[in-house]
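Below are the chains, spelled out letter by letter.
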Amino acid sequence: MGFFWEEPTPLAFLLITLALGGGAAWMTGRAVAGAWEHPAILVGYTALLACAARFLHFALAGGSLLTGWYWSVDFLILLAIAGLSFRVRRAQQMTTQYFWLYERTSPISWREIEADAAGKTPDATP
């Protein structure tokens with residue numbers, strides 16, 4: 001399993017990349033969605049988070065600092081977490097703020113509410 005981390009134990013990978021970096025990535029995804037920004041902005045923010053995770057691996061666990069492969073692994077994992085958080089928050093926003101137009105279909109998706117034969121959508125209260 002050294003394919004994903006270079007530390008002697010997976011504990012450093014779990015604590016630094018998944019716990020610390022994943023928590024920061026989750027909050028970043030929520031913040032970007034909360035500001036109604038485009039999801040492409042997550043790429044830049046996640047790249048910075050991956051750099052911070054690499055530094056923490058270097059400073060705390062004796063890992064490598066400037067290794068492209070391990071930075072890419074951290075980046076992709078953190079991007080997946082940030083993207084999931086973005087979709088969860090965006091689905092919540094769309095169905096709460098536009099409750100007369102959209103209904104939630106899953107934690108990460110929503111759909112348009114069907115109109116009846118008269119072309120009216122059902123009255124919904126928040």
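Residues numbered from 1 in each chain as written. Predicted model: local features only at pLDDT ≥ 70, side-chain atom pairs only at ≥ 80, totals over all residues. Heavy atoms only, no water.

1. Thoughts on the packing of helix H1 (residues 10–34) against helix H3 (residues 68–97)
- Their axes nearest at 7 Å, the elements H1 and H3 cross at an angle of 35°. For the pair H1 and H3, the crossing hand works out as right-handed. Within the contact between the two elements, H1 uses Phe-13, Thr-17, Leu-18, Gly-21, Gly-22, Ala-25, Trp-26, Gly-29, Arg-30, Val-32, Ala-33 and Gly-34 and H3 uses Asp-74, Ile-77, Leu-78, Ile-81, Ala-82, Leu-84, Ser-85, Phe-86, Val-88, Arg-89, Arg-90 and Gln-93.
- Residue composition of the contact of H1 with H3, grouped by class: 13 nonpolar, seven polar and four charged. (Axes fitted to C-alpha atoms, helices over the stretch in contact; angles between N-to-C directions. Helix = DSSP H or I, 4+ residues; strand = E, 2+ residues; numbered from the N terminus. Left-handed = near helix turned anticlockwise from the far one by under 90°. Contact = heavy atoms within 4.5 Å. Nonpolar A, V, L, I, M, F, W, Y, C, P; charged D, E, K, R; others polar.)

2. Here's the deal with the pattern of salt bridges
- Under the definition given, this model contains two salt bridges.
- When the shortest N-O distance is used, the salt bridge between Arg-54 and Asp-74 registers 3.0 Å. Residue Arg-54 is located in helix H2 (residues 41–61), and its partner Asp-74 is located in helix H3; the two are separated by 20 residues in the primary sequence. Both residues of the pair, Arg-54 and Asp-74, count as buried.
- Glu-103 is the salt-bridge partner of Arg-111, the closest N and O atoms lying 2.7 Å from each other. (Salt bridge = Lys/Arg side-chain N within 4 Å of Asp/Glu carboxyl O. Buried < 20%, exposed > 50% of the residue type's maximum accessible area, 1.4 Å probe, protein only.)

3. Quick word on the environment of Ala-24
- Assignment of secondary structure puts Ala-24 in helix H1.
- Exposure remark for Ala-24: the relative accessible area of 25% places this residue in the partly exposed category.
- Taking the C-alpha atoms as reference, Ala-24 lies 8.6 Å from Leu-78; in sequence the two are 54 residues apart.

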